[in-house]
Amino acid sequence: RIPCTPEQRDTLLSLIRRSVEQNGEFLGETVEAMETLDGVRVELPGGFCLIRGSNTEPCLTLRSEAANATALMQRDEALVAYVTERLKTITAITA
């Protein structure tokens, strides 16, 4: 979980959606599909990444799946770094 305000959450999810739609990539991987019903779920080769707002506290919940433990660890690290960096940028712009 990564703390953020509702405004930061909405901005981040919107940025991710637009980036995936424009580039067809996420975390350097080709996107196979994207769902935006509850946050943003990006289907990638061998798994997925999900970024969504928590229903109970002001934070983002991150989930991912990969083909094996090593790939999962790499994907998790990349996802946390990606979200953290974008939230820093959003915070700097809106401050």
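Being a predicted model, the structure only gives us computed values, none of them experimental.

Basis of the calculations
Residues numbered from 1 in each chain as written. Predicted model: local features only at pLDDT ≥ 70, side-chain atom pairs only at ≥ 80, totals over all residues. Heavy atoms only, no water. Helix = DSSP H or I, 4+ residues; strand = E, 2+ residues; numbered from the N terminus. Rg over C-alpha atoms; globule rule 2.2 N^0.38 Å. Buried < 20%, exposed > 50% of the residue type's maximum accessible area, 1.4 Å probe, protein only. Salt bridge = Lys/Arg side-chain N within 4 Å of Asp/Glu carboxyl O. Contact = heavy atoms within 4.5 Å.

(A) Expanded view of the overall build of the protein. Within the protein, the regular secondary structure consists of two helices and seven strands. Along the chain direction, N to C, the helices and strands of the protein fall in the order β-α-β-β-β-β-β-β-α. In summary, the protein has a C-alpha radius of gyration of 13 Å against a globular reference of 12 Å for 95 residues, a match within 12%. Structurally, the protein occupies a C-alpha span of about 40 × 25 × 25 Å along its principal axes.

(B) Local environment of unusual backbone geometry. The phi dihedral of Leu27 falls on the positive side, at around 55 degrees, and the residue is not glycine. With respect to the helices, strands and loops of the structure, Leu27 is situated in the loop between strand S2 (25–26) and strand S3 (29–30). With a relative accessible area of 25%, Leu27 lands in the partly exposed category.

(C) Highlighting the pattern of salt bridges. One pass over the full model with this rule turns up six salt bridges. Between Arg1 and Glu57 there is a salt bridge, with the nearest N and O atoms lying 2.5 Å from each other. Here Arg1 is found in the segment before strand S1 (2–3), whereas its partner Glu57 is found in the loop between strand S6 (47–53) and strand S7 (59–65), with 56 residues between them in sequence. Ionic pairing is found between Arg9 and Asp10, a salt bridge with its closest N-O pair at 2.9 Å.

(D) Focus on the environment of Ile2. Take Ile2: it is sitting in strand S1. Spatially, the C-alpha atom of Ile2 lies 23 Å from that of Val31, the residues being 29 residues apart in sequence. Setting aside residues up to four positions removed in sequence, Ile2 forms contacts with Cys59, Leu60, Leu62, Val80, Val83, Thr84 and Leu87.

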